[in-house]
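Analysis of the macromolecular model
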Amino acid sequence: MLTTKIGKVGKVLICGMKGVGKTALLEQLIYGNVSVETEFHPTIEDIYVASVDSGRGSREILRLHDSAGLQGKAQLPRHYIHFPDGFALVYDPTDPSSLDMLADIKQDIERNKEKKDVPIIVLANMRSKRREAPASIFNAQQTNSVNSANQMEIVLNRAISWCSRERIKHYTVNAMERPSLYDPFINLCARLHPPQTKSTFPQLRQVMQKTQKSDV
């Protein structure tokens, strides 16, 4: 019987502004059952468990904590900052204020987290496509789509620049496309559980081996 070794467990908090699609991302990542028609209710708090192939002969476990979306100047509750091993900050590229909130969240984490080098990633959720509208308003929608695309590009560029300055990994994902979610969480898992390095004192090991032989 083949068995897979279970590795370490990492706790990750998913946070961001209310309505940016955090729950949709997690539901798609874990279950792959999200579509344009899927409806979600505001999250209070939930936990998802993912088994990640580490490529090191074991599967790492991620406990993904879905948090309630923030509004206005609201801050993360203190226990949300202290217990996670890593953070995934989510924003909506069509809403500049959701990106601005991430800067406040990151500052709050750095101010209150004891471990200062905690892994953080940023996810730009491209959201889902809207349901088809009546043909009578097609032209108006075309114009709005062009304006929205330009605005989205501006926000994305600003986010990428901010992440570069803060040395945070930025990913563009889509809750409707499950494969787009794999890379961010696989890489985050790898950062949470880096491979153990071999001893940096080979000379000491050789001396110990010689000593053991002389004692025989």
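Structure's up top.
My aim in this report is to walk through the structure given alongside it, one point at a time. Remember, it's a predicted structure, so these values are computed and weren't measured experimentally. (Residues numbered from 1 in each chain as written. Predicted model: local features only at pLDDT ≥ 70, side-chain atom pairs only at ≥ 80, totals over all residues. Heavy atoms only, no water.)

**Quick notes on the overall build of the protein chain**
Of the regular secondary structure elements, the protein chain holds six helices and six strands. The secondary structure elements of the protein chain, listed N-terminal to C-terminal, are β-α-β-β-α-β-α-β-α-β-α-α. Expressed as a percentage of contacts within the protein chain between residues at least 6 apart in sequence, the contacts between residues at least 24 apart total 74%. Working note: accessible area of the protein chain is about 13,600 Å², and carbon and sulfur atoms make up 53% of it. (Helix = DSSP H or I, 4+ residues; strand = E, 2+ residues; numbered from the N terminus. Contact = heavy atoms within 4.5 Å. Areas by Shrake-Rupley, 256 points an atom, 1.4 Å probe, with all protein chains shown as cover.)

**Details of the pairing of strand β5 (residues 120–125)**
Within β5, six of the six residues are buried, leaving the element largely enclosed by the surrounding structure. Both faces of β5 are covered, namely the face carrying Ile120, Val122 and Ala124 and the face carrying Ile121, Leu123 and Asn125. With helix α3 (residues 96–112) bridging strand β4 (residues 86–91) and the parallel β5, this β-α-β connection has right-handed handedness. (Buried < 20%, exposed > 50% of the residue type's maximum accessible area, 1.4 Å probe, protein only. Right-handed = clockwise from strand over helix to strand, strands pointing away.)

**Thoughts on the side chain of Glu27**
Along the polypeptide, Glu27 turns up in helix α1 (residues 22–30). Buried charge without a salt bridge: Glu27, with Arg178 as the nearest opposite-charge side chain at an N-O distance of 9.9 Å. Contacts of Glu27, omitting those with residues within four sequence positions, involve Gly32, Asn33, Val34, Phe40 and Tyr48. (Lys, Arg positive; Asp, Glu negative; His and termini not counted. Salt bridge = Lys/Arg side-chain N within 4 Å of Asp/Glu carboxyl O.)

**Let's talk about the pattern of salt bridges**
Applying the stated criterion across every chain, the model contains six salt bridges. A salt bridge links Asp85 to Lys11, with the nearest nitrogen and oxygen atoms 3.6 Å apart. Taken as a pair, Asp85 in the loop between α2 (78–82) and β4 and Lys11 in strand β1 (residues 5–16) lie far apart in primary sequence, 74 residues in all. Glu110 serves as the salt-bridge partner of Lys106, at 2.2 Å between the closest nitrogen and oxygen. Here Lys106 pairs with Glu110, and both are found in helix α3, just four residues apart, close to one helical turn. Lys106 sits in the buried class, given a relative accessible area of 4%.

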